[in-house]
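# Results of the structural survey
So the chains spell out like this:
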Amino acid sequence: AGRISRIALHALTAEATNLDDVPHVTLQAESGQPIAPEKLPAEWDKAGVYACFDREGFFKFVGMSRKVSVSIVNHLQVLGADECYAAKVMVWDAPTKDDLEGTAKAWIQQCMDATGGPPPGNTREVEEWRYKAKDIKMAKESIQFSEGVDEDGAEAEIKRLLAQHKVILFQKGTRQFPQCGFSEATIGMMDATKVEYESIDCLDEERNPGLRDAIKTFSQWPTIPQVYANGEFLGGADIIRELAENGELKSALSGESQSSSTEGSTSEVAQAKEATYKTISPEETYARMKAEDYKYVDVRTEGEFQASNVPGSVLIPAFVDTPNGRVPVQEKFVSEIQRRYPDRSSRLALGCRSGVRSKTAAQWLCDVGYTDLLEVDGGFMLWSANTKLPTRQGVEECTFSTVSAAEAYEKIQSEGYEYVDVRTEGEYKGGKVPGSVLISAFAKTSDGMVPTPTEFLAEIQKRFPDRSSKLVVSCASGK
């Protein structure tokens, strides 16, 4: 049994901290999908210890959490209901650290006694665990402050650790026993990169006095976990997740640059060698938008933009959400930027949710020769956190260009624009542009010409659902 990577529920003995007495709850709905979060037992919103089992009843993971339901939901999202099919949970109203760690260690030990190794989720290398369970060591020990340091020396200790270690995760709990769902998720994503890193427990006041508050002040970031790479603050849980989704986490942790494809002519590539972008704070971005006429380009998805955005910004997504996850759309993004801002010296400020996608987008534009780019540090998360900076909800600011008839004809012929005639049906029948479509914006009544915006917009959206559709709009006289 010591070489098997899984153990059955019935293989556990009664001596293991009442684990056999704890009822198991199925986490898969009748549809086969993970159970909805609101269907989890209400008491799981408390702090506690939990054990996860797969569909076959094999032990997969033991964890601690300040809110068990959050951790269970995270596992379901990452692993699915087959791998995380059932759970046993023990919760407390106000547990001590000994309550949590004692129970978790006892459950893990029970698994080791039965099989010769810990549950797979409690090892760093799943493949090694699968075949060599008895040889696997438990998760790497956390680093800690020097002996004798008090709260006043916390910042100095942070600086010492950053100078001593290449990558550090400041988390709640330890790798083996994370004490919040966000720390647990961050550990999983960082482990998946195979990049070596250290971790330190911000909740351990005995070994790391004052760290929990000091790291927030030091980084000027309000939440934990936090990740530092090569002495620089990389981000919190949301930014780490975004880096992972974009396939950039490994390079960000290791410091290795990722090559990006370069589009454009030879002259553009030569110019790109000189093109760079500057990362600045949301406050400085706003000041330069007002004083120097920079245009804020929001590179998030349409859904994120619709929820809330920067007044006066334009939406040009650099990534889109698909059933297979978030994927880059470099060619489409660069093409739309070039269409709207053909001058390579255009003043553009690029922002996303947290400052990850905007860096990627800025580099794409550098690669085709844009020379005056700003990248908003911390993205819309930091922008919206500053109550002095304006935000809004809804669609992007709409603008249009007035062109001559000859210019319109050229755009229709060479750039694929559609000619939309907004006159009445009677006017249209009296003479029209070949290939045009009639979508009346006004109707002729006994009281004169009256606007029909609802009908007009409904028909436009029906025929041209893509909000970036290229349209030439015209009437009898231009009004």
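Above this text sits the structure in question.
Residues numbered from 1 in each chain as written. Predicted model: local features only at pLDDT ≥ 70, side-chain atom pairs only at ≥ 80, totals over all residues. Heavy atoms only, no water.

Within the protein chain, the secondary structure is distributed over 17 helices and 20 strands. Surface exposure of the protein chain reaches about 25100 Å², of which carbon and sulfur atoms provide 49%. (Helix = DSSP H or I, 4+ residues; strand = E, 2+ residues; numbered from the N terminus. Areas by Shrake-Rupley, 256 points an atom, 1.4 Å probe, with all protein chains shown as cover.)

The next thing to look at is the pattern of salt bridges. Scanning the entire structure with this criterion turns up 21 salt bridges. When the shortest N-O distance is used, the salt bridge between Lys97 and Asp204 registers 3.8 Å. Here Asp204 lies in the loop between strand E6 (198–201) and helix H6 (211–219) and Lys97 lies in helix H2 (residues 97–115), a separation of 107 residues in the sequence. A relative accessible area of 33% places Lys97 in the partly exposed class. (Salt bridge = Lys/Arg side-chain N within 4 Å of Asp/Glu carboxyl O. Buried < 20%, exposed > 50% of the residue type's maximum accessible area, 1.4 Å probe, protein only.)

With that out of the way, let us pick up a negative patch on the surface. Taken together, the side chains of Asp150, Glu151, Asp152, Glu205 and Asp213 define an acidic patch exposed on the protein surface. Residue placement: Glu205 occurs in the loop between E6 and H6. (Patch = residues over 30% accessible without salt bridge, like charges linked within 9 Å, V, L, I, M, F, W, Y side chains within 5 Å. Lys, Arg positive; Asp, Glu negative; His and termini not counted. Charge placed at Lys NZ, Arg CZ, Asp CG, Glu CD.)

Scanning all chains against the criterion turns up ten aromatic pairs. Their ring planes at 75° and their centres at 5.6 Å tell us that Phe170 and Tyr228 sit as a pair that is edge-to-face. Of this pair, Phe170 sits in strand E5 (residues 167–171) while Tyr228 is found in strand E7 (residues 226–229), placing the two residues 58 residues apart along the sequence. A single burial state applies to Phe170 and to Tyr228, both of which are buried. (Phe/Tyr/Trp six-rings, centres within 6.5 Å; stacked < 30°, edge-to-face > 60°.)

Now for the sheet that holds strand E11 (residues 314–315). Pairing is parallel in the open sheet, where five strands are placed in the order E9-E15-E14-E10-E11. What marks the edges here is a single partner per strand, and that holds for strand E9 (277–280) and E11. Bridge count between strand E10 (residues 295–298) and strand E14 (residues 348–351): four bridges; the pairing is parallel. For Val297, the partnering residue across the bridge sits in E14 and is Leu350. Lying over the sheet, helix H10 (residues 282–292) contacts E9, E10, E14 and strand E15 (373–376), oriented at roughly 115° with respect to E9. (Pairing = 2+ DSSP bridges. Contact = heavy atoms within 4.5 Å. Axes fitted to C-alpha atoms, helices over the stretch in contact; angles between N-to-C directions.)

Along the chain, the position of Glu157 falls in helix H4 (residues 154–164). For Glu157, the residues in contact, after removing those within four places along its chain, are Phe145, Ser146 and Val149. A polar side-chain atom of Glu157 sits 2.9 Å from a polar atom in the side chain of Arg160. (Polar contact = N/O pair within 3.5 Å; in protein donor to acceptor, adjacent residues only side chain to side chain.)

Take the packing of helix H5 (residues 181–193) against helix H7 (residues 237–245) next. When two helices pack together, their arrangement is given by the angle between the helix axes and by the axis-to-axis distance. Interhelical geometry of H5 versus H7 gives an angle of 30° and a closest axis separation of 10 Å. Classified by the angle between their axes, H5 and H7 sit roughly parallel to one another. Here H5 runs over H7; the crossing is left-handed. The segment H5 lies against H7, with Phe182, Ala185, Thr186 and Met189 engaging Ala237, Ile240, Arg241 and Ala244. A breakdown of the residues in the contact of H5 with H7 according to their chemical character gives six nonpolar, one polar and one charged. (Parallel < 35°, antiparallel > 145°, perpendicular 65-115°, else oblique. Left-handed = near helix turned anticlockwise from the far one by under 90°. Nonpolar A, V, L, I, M, F, W, Y, C, P; charged D, E, K, R; others polar.)

As a further point, take the nonpolar core. The biggest cluster of nonpolar side chains holds 21 residues, and the ones touching the most others in it are Val297, Val299, Phe333, Ile337, Leu348, Leu350 and Leu365. Looking at which element gives the most residues to this core, the answer is helix H13 (residues 357–367), with five residues. For Leu348, the residues in contact, after removing those within four places along its chain, are Tyr294, Lys295, Val297, Ile337, Tyr341, Leu365, Tyr370, Asp372, Leu373 and Leu374. Core analysis: the second largest hydrophobic core is formed by 17 residues, Met190, Trp221, Ile240 and Leu249 among them. (Core = buried A, V, L, I, M, F, W, Y, C linked by side-chain atoms within 4.5 Å.)

The set of residues buried in helix H12 (residues 330–340) consists of Gln330, Phe333, Val334, Glu336 and Ile337. For H12, the arc enclosing every buried residue in end-on projection is 160°, short of the 170-degree limit, so these residues lie on one face. Turned more than 90 degrees away from the buried face of H12 sit Glu331 and Lys332, all of them exposed. (Arc of directions from axis to C-beta.)

Quick look at the pairing of strand E4 (residues 86–92) now. For E4, the buried fraction is high: five of the seven residues fall into the buried class. Taken together, the three bridges between strand E1 (residues 24–26) and E4 define a ladder with antiparallel strand orientation. Residue pairing in the sheet places Val25 in a bridge with Ala87 of E4. Pairing of strand E2 (residues 47–53) with E4 involves seven bridges; the strand directions are antiparallel. Bridge assignment links Cys52 to a residue of E4, and that residue is Ala87.

Two orientations exist for strands paired in a sheet by backbone hydrogen bonds: parallel and antiparallel. Ordered in space as E1-E4-E2-E3, the four strands form an open sheet in which the pairing is antiparallel. The open sheet is flanked by E1 and strand E3 (59–65), the only strands paired with a single partner. On average, adjacent strands in this sheet sit at an angle of 25° to one another, irrespective of strand direction. Here E2 pairs with E3 via six bridges, running antiparallel. Paired with Gly48 across the bridge in E3 is Ser65. Those strands touched by H2 are E2, E3 and E4, and its axis lies near 170° from that of E3.

What follows deals with the packing of H4 against H6. Two numbers describe how H4 lies on H6: the axes approach to 9 Å, and their chain directions differ by 70°. By the angle between their directions, the pair H4 and H6 is classed as roughly perpendicular. Here H4 runs over H6; the crossing is right-handed. For the pair H4 and H6, the contacting residues are Ala154, Glu155, Ile158, Lys159 and Leu162 in the first and Leu211, Ala214, Ile215 and Phe218 in the second. Looking at side-chain class alone, the contact of H4 with H6 contains seven nonpolar, no polar and two charged residues.

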